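Take a look at the letters that make up each chain.
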Amino acid sequence: DFNFSAVDEEGAASSSGFREGQFVLHFVSSLSDRFRFFGEVSLTATSSEFRTEVERATLQFAQSDSLRLSAGRFHTPINWWNTAFHHGQWLQTSVGRPQMTRFGGEFIPVHFVGALAEGNIPSGAAHLGYVAGAGNGRGENTARAGDAGDANNNRALLLKIFSRPARPYRLEVGGSFYTDKVSVPGLEELDEDLTSLYVVYSSETPELIGEYARLRRDGELSGLSVESTAWYLQAAYRLPGLGQKLKPYARYERMDADESDPALVALTDARGFLVGLRADVGTFVALKGEYRRRKAGGLPYDDAFFAQISFAF
């Protein structure tokens, strides 16, 4: 993707300009009837270079529809957006991800290194499914996964249950629970619990997405108990007839971060809304224009405009 943005943020070093987005490569290999490898590598522009990152690398063994076992580096399956829309902005309707699930953020651990079991649960028309996993928790930088090993001697555990009922078609509801101990240099280990709920109707007419997450951390020695919450609602609708290439959308989001949480370095309260228009000018080419009004912490609201062209090949 390629982007242009203009922001009226007070004190910003640069208020407008062009930016190259991520260049993302996917690798898929069927190693046998039951084993499959999937990899995702991204190249991200920084002020001085392109940073290369292995975003996902998983080996999966498919026993049946009820049991698939995987090991590697995943996008953590603890909410909906994080596993529905990966790197590559063409996949999603909007220009960017919600604040609670943004890459490099501290609220939701976006990546997970470990092992997962997933599959369908016999449930008739409810079409239940599950994902369960164990792996490394957050790194000492809580925005990063424990890629080279866990930061402590406690594994992160997660469980997600969801339903994709036969009717209405394209509806999905689910919830998840993630638990771990967080290690921050110079501080005691904190017990961490993260609960997430979501409801999604992924039709183009309309597209409705709502997610809520609660992050709680407790310190046994200090008696510390902190809690942060985040949620968003997004709606979109692909126009009929001659306007079917156009998809207007809107999103409201809010994050209430507990400033006394010692594991939060850059996360602050945030709220705002956006409205935008996506135009699918080719089968795999999308143009997006988006207006945002947002605020972070005690700062005043700022206004921003984003334009993006994204494509897949």
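Further up the page is the structure itself.
Quantities reported herein were computed from a predicted structural model and do not represent experimental measurements.

How each quantity is defined
- Residues numbered from 1 in each chain as written.
- Predicted model: local features only at pLDDT ≥ 70, side-chain atom pairs only at ≥ 80, totals over all residues.
- Heavy atoms only, no water.
- Helix = DSSP H or I, 4+ residues; strand = E, 2+ residues; numbered from the N terminus.
- Rg over C-alpha atoms; globule rule 2.2 N^0.38 Å.
- Buried < 20%, exposed > 50% of the residue type's maximum accessible area, 1.4 Å probe, protein only.
- Contact = heavy atoms within 4.5 Å.
- Salt bridge = Lys/Arg side-chain N within 4 Å of Asp/Glu carboxyl O.
- Core = buried A, V, L, I, M, F, W, Y, C linked by side-chain atoms within 4.5 Å.
- Phe/Tyr/Trp six-rings, centres within 6.5 Å; stacked < 30°, edge-to-face > 60°.

Participant: Would you take a moment to explain the overall build of the protein for this structure?
Facilitator: Looking only at helices and strands, the protein has one helix and 17 strands in total. In terms of overall size, the protein behaves like a compact globule, its C-alpha atoms giving a radius of gyration of 20 Å where 313 residues would be expected to give roughly 20 Å. Expressed as lengths along the three principal axes of its C-alpha atoms, the size of the protein is roughly 55 × 50 × 40 Å. Per-residue burial for the protein yields a buried fraction of 43% across its 313 residues. Sequence-distant contacts in the protein: of pairs separated by 6 or more residues, those separated by 24 or more amount to 50%.

Participant: Would you explain the pattern of salt bridges in this entry?
Facilitator: Opposite charge on two side chains allows them to pair when their charged atoms are near. Per the stated rule, a full pass over the model turns up 26 salt bridges. With a closest N to O distance of 2.7 Å, Lys247 and Glu204 form a salt bridge. Of the two residues, Lys247 is situated in strand β14 (residues 246-256) and Glu204 in the loop between β11 (190-202) and β12 (207-218); the sequence distance between them amounts to 43 residues. The class of Glu204 is partly exposed, set by a relative accessible area of 32%. Note that Glu227 is salt-bridged to Arg214, the shortest N-O span being 3.1 Å. Placement of the pair is Glu227 in strand β13 (residues 225-236) and Arg214 in strand β12, with a sequence separation of 13 residues. Beyond isolated ion pairs, a larger network of salt bridges with shared partners links Glu204, Glu207, Arg238, Lys247, Arg278 and Asp280.

Participant: Explain the nonpolar core here, please?
Facilitator: Taken as a class, soluble globular proteins show a tendency for nonpolar side chains to be buried jointly. Among the nonpolar cores identified, the biggest contains 28 residues, and Met100, Phe107 and Leu194 are the most heavily contacted of them. Where this core is concerned, the elements lending two or more residues are β7 (111-121), β9 (156-163), β11, β12 and β13. Filtering out sequence-adjacent residues up to four positions away, Phe107 remains in contact with Met100, Arg138, Leu194, Ala213, Leu215, Ser228, Thr229, Ala230, Met255 and Leu267. If you look at the next biggest cluster of nonpolar residues, it comprises seven residues, including Ala236, Tyr249, Ala304 and Phe306.

Participant: I would appreciate a short explanation of the side chain of Thr58 in the present structure.
Facilitator: Locating Thr58 in the fold gives a position in strand β5 (residues 50-64). Each residue touching Thr58, except ones within four places of it in the same chain, is listed here: Arg36, Phe37, Phe38, Ala71, Gly72, Arg73 and Phe74.

Participant: Looking at this model, I keep getting lost on the packing of aromatic side chains. Mind explaining?
Facilitator: All chains considered together, the criterion is met by eleven aromatic pairs. Taken together, a centroid distance of 5.9 Å and an interplanar angle of 80° make the contact between Trp81 and Tyr232 edge-to-face. Of this pair, Trp81 sits in helix α1 (residues 81-84) while Tyr232 sits in strand β13; the two residues are 151 residues apart in sequence, bridging distant segments of the chain. Using a relative accessible area of 0% as the deciding quantity, one classes Tyr232 as buried. Chaining the aromatic ring pairs together yields one cluster made of Phe2, Phe23, Phe311 and Phe313.

Bear in mind that shape data such as this cannot, by itself, settle questions of function.
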